[in-house]
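Examination of the molecular architecture
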Amino acid sequence: MEFLDLKSKLDAEDVTLVAVSKTKPVSAILELYHQGQRVFGENRVQELASKYESLPKDIEWHMIGHLQKNKVKYIAPFVSMIHSVGSVSLLEEINKRAKQNERVIDILLQFKIATEETKYGSSGHEDWADFPFDKYENVRFRGVMGMATFTDNTDQVRSEFRRLKNIFDNLKTSIFATKDEFQVISMGMSGDYVVAIEEGSNMVRIGSLLFGARR
Ligand SMILES: *Cc1c(COP(=O)(O)O)cnc(C)c1O
């Protein structure tokens, strides 16, 4: 799909576009950058760090993939948002590295909404009940993230997205009730972003639709 067509469609619905550039060259990123895109997502630490080095510094880099604790230090100096926080130990490491860099890093809590075993994240809002969020001064809790099952069954995908929206609503009315910044629902990829937006997404992570299929 043409970038500008997709972008204007998403803008009209107040949905933030994260252009997922994993495996794609710097030149492909610059092509979208020159059309105005500033938010890019990657799922590997090394690739993310090297693209950060070689590209304009006003790009907002989002880490969307599974993140190992021992690699947080490589992205902590510059990453703007980490979508894939599913454990307390990862949260602690991000807070520690953000502090060392005198930064506050935006994070999303990742939930496992898919039936597939490979997907990662906490299982429900109950997992974070009574959690001492205020203790983490160098982390800003911005919302939730999830991935639906990879299937043609739209009803299933829809109900998984609905579940994430529900988890968000639960958190928003309980422990994050006083936090205006807790407002992001990151759900939807190339194949399912339309359904995701219908179910309340306000941030989509789109790769192949913009950059072509990955090999
Ligand atoms: C690769 C990836 C995407 C984008 O997938 P497409 O189907 O290419 O749009 C979105 N989210 C995550 C977590 C990914 O790893």
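Below is a short write-up of the structure. (Residues numbered from 1 in each chain as written. Predicted model: local features only at pLDDT ≥ 70, side-chain atom pairs only at ≥ 80, totals over all residues. Heavy atoms only, no water.)

**Brief notes about helix H2 (residues 26-33)**
It helps to recall that an α-helix has 3.6 residues per turn; residues three or four apart then point in one direction. Along H2, the residues classified as buried are Ala28, Ile29, Leu32 and Tyr33. Here the buried residues of H2 occupy an arc of 145° about the axis, which is enough to place them on one side. As for H2, its buried residues are in contact with helix H1 (3-12), strand S1 (16-20), strand S2 (39-42), helix H3 (45-54), strand S3 (60-63) and helix H8 (208-211). (Buried < 20%, exposed > 50% of the residue type's maximum accessible area, 1.4 Å probe, protein only. Helix = DSSP H or I, 4+ residues; strand = E, 2+ residues; numbered from the N terminus. Arc of directions from axis to C-beta. Contact = heavy atoms within 4.5 Å.)

**A look at the site of the ligand**
Every residue lining the ligand is accounted for by Val20, Lys22, Ile64, Met145, Met147, Met189, Ser190, Arg205, Ile206, Gly207, Ser208 and Arg214. Between Arg214 and the ligand, the recorded distance is 2.8 Å, taken from a side-chain N or O atom to an oxygen atom. Summarising the interface, the protein chains cover 91% of the accessible area of the ligand, which totals 390 Å² for the free molecule. (Near = heavy atom within 4 Å. Polar contact = N/O pair within 3.5 Å; in protein donor to acceptor, adjacent residues only side chain to side chain. Areas by Shrake-Rupley, 256 points an atom, 1.4 Å probe, with all protein chains shown as cover.)

**Regarding the packing of aromatic side chains**
The tally for this structure, following the rule as stated, stands at 11 aromatic pairs. Considering the side-chain rings of Trp128 and Phe133, the 6.0 Å spacing of their centres and the 35° angle between planes classify their relative orientation as tilted. The pair formed by Trp128 and Phe133 is uniform in burial state, with each residue classed as buried. With 4.1 Å between their ring centres and 10° between their planes, Phe176 and Phe182 make a pair best called stacked. Both residues of the pair, Phe176 and Phe182, belong to the buried class. One aromatic cluster is present, built from ring pairs that chain together Trp128, Phe131, Phe133, Tyr136, Phe141, Phe168, Phe176 and Phe182. Of note, Arg38 hangs over the ring of Tyr33, and the distance from its end group to the ring centre comes to 3.7 Å. (Phe/Tyr/Trp six-rings, centres within 6.5 Å; stacked < 30°, edge-to-face > 60°. Lys NZ or Arg CZ within 6 Å of the ring centre and 35° of its normal.)

**Description of the side chain of Ser21**
Position of Ser21 relative to the elements: it lies in the loop between S1 and H2. On the basis of relative accessibility, which here comes to 0%, the residue Ser21 falls in the buried class. Filtering out sequence-adjacent residues up to four positions away, Ser21 remains in contact with Ile29, Phe40, Gly41, Glu42, Glu47, Lys51, Trp61 and Phe211.

**Structural notes on the pairing of S2**
Burial along S2 is two-sided: the residues Val39 and Gly41 and Phe40 and Glu42 are all buried. Relative to S2, S1 is paired through 2 bridges, and the arrangement is parallel. Its bridge partner being in S2, Val20 is matched across the sheet by Gly41. Handedness of the crossover is the feature at issue here: the chain leaves S1, passes through H2, returns alongside S2, and the resulting connection is right-handed. Sheet topology places S2 next to S3; 4 bridges connect them, and they run parallel. Looking at the pairing, Glu42 lines up with Met63 of S3. (Pairing = 2+ DSSP bridges. Right-handed = clockwise from strand over helix to strand, strands pointing away.)

**Points about the pattern of salt bridges**
For the structure on display, the rule yields 13 salt bridges. Where Asp11 meets Lys7, a salt bridge forms, and the shortest distance between an N and an O atom there is 3.3 Å. Taken together, the residues Asp11 and Lys7, both in helix H1 and 4 residues apart, mark about one turn of the helix. Between Asp106 and Arg142 there is a salt bridge; the shortest N-O distance is 2.9 Å. With a gap of 36 residues between them, Asp106 in strand S5 (residues 105-111) and Arg142 in strand S6 (residues 139-146) connect regions that are remote in the sequence. (Salt bridge = Lys/Arg side-chain N within 4 Å of Asp/Glu carboxyl O.)

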